[in-house]
Amino acid sequence: LDQINPDHYRKGNGVETIDYIIEVCKTLPGEEAVLVGNIIRYVSRYRQKHPEAPETDIQKAQWYIKKLLQHLSANHSELETSNIDTAADRLLKGIR
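Because the structure is a prediction, the values reported are computed rather than measured.

**Looking at the overall build of the chain**
- A tally of helices and strands in the chain yields five helices and zero strands.
- Overall, the chain shows an N-to-C arrangement of helices and strands of α-α-α-α-α.
- The long-range share in the chain, meaning contacts at least 24 apart out of those at least 6 apart in sequence, stands at 43%.
- Accessible area of the chain: about 6,500 Å², with a carbon and sulfur share of 52%.

**Comments concerning the packing of aromatic side chains**
- Tallied over the entire structure, the rule returns two aromatic pairs.
- Aromatic pair Trp 63 and Tyr 64: ring centres 4.9 Å apart, planes at 85°, arrangement edge-to-face.
- By way of ring pairs, the aromatic residues Tyr 42, Trp 63 and Tyr 64 are connected into one cluster.

**Here's the deal with helix H4 (residues 55-75)**
- Across its 21 residues, H4 extends 30 Å between first and last C-alpha, which sits within 8% of the 30 Å expected from 1.5 Å per residue.
- Those residues of H4 that sit buried are Asp 57, Ile 58, Ala 61, Gln 62, Tyr 64, Ile 65, Leu 68, Leu 69, His 71 and Ser 73.

**A few points about the packing of helix H2 (residues 30-44) against H4**
- Orientation of H2 relative to H4, taken along the N-to-C sense of each, is 160°, at an axis distance of 8 Å. Comparing their axes, H4 and H2 come out roughly antiparallel. Both H2 and H4 take part in a crossing whose hand is left-handed. Contacts between H2 and H4 pair Glu 31, Glu 32, Leu 35, Val 36, Asn 38, Ile 39, Tyr 42 and Val 43 from the former with Asp 57, Lys 60, Ala 61, Tyr 64, Ile 65, Lys 67, Leu 68, His 71 and Leu 72 from the latter.
- Within the contact of H2 with H4, the residues separate by chemical class into ten nonpolar, two polar and five charged.

**A short note on the side chain of Asp 57**
- Here Asp 57 lies in helix H4.
- Contact partners of Asp 57, with chain neighbours within four places excluded, come to Tyr 42, Tyr 46, Lys 49 and His 50.

**Details of a nonpolar patch on the surface**
- On the surface, a cluster of nonpolar side chains totalling about 240 Å² of accessible area is made up of Val 15, Tyr 20 and Val 24.
- Position of Tyr 20 among the secondary structure elements: in helix H1 (residues 17-25).

Conventions and cut-offs
Residues numbered from 1 in each chain as written. Predicted model: local features only at pLDDT ≥ 70, side-chain atom pairs only at ≥ 80, totals over all residues. Heavy atoms only, no water. Helix = DSSP H or I, 4+ residues; strand = E, 2+ residues; numbered from the N terminus. Contact = heavy atoms within 4.5 Å. Areas by Shrake-Rupley, 256 points an atom, 1.4 Å probe, with all protein chains shown as cover. Phe/Tyr/Trp six-rings, centres within 6.5 Å; stacked < 30°, edge-to-face > 60°. Expected span 1.5 Å × (residues − 1). Buried < 20%, exposed > 50% of the residue type's maximum accessible area, 1.4 Å probe, protein only. Axes fitted to C-alpha atoms, helices over the stretch in contact; angles between N-to-C directions. Parallel < 35°, antiparallel > 145°, perpendicular 65-115°, else oblique. Left-handed = near helix turned anticlockwise from the far one by under 90°. Nonpolar A, V, L, I, M, F, W, Y, C, P; charged D, E, K, R; others polar. Patch = residues over 30% accessible without salt bridge, like charges linked within 9 Å, V, L, I, M, F, W, Y side chains within 5 Å. Salt bridge = Lys/Arg side-chain N within 4 Å of Asp/Glu carboxyl O.

Right, dumping it as structure tokens:
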């Protein structure tokens, strides 16, 4: 077992999670890039990292999704803060 770069960091097609995160986030502003990167990290390998309790990483992703929605809400008036939990729940339904 490679402790530095374990198998759950790579998908079947050989793409490493970090490379995908860099590609997706390279044009995003600072905080947004960090939040989106963490969402991708947790969602992309939730079953490989915790096969006995996959909901663990989905809950972590949910935390980051809520933070992202709060960040977007603070910076874009069209997203109401009261809709943050509802929007996060809708996003997560597609993941589960």
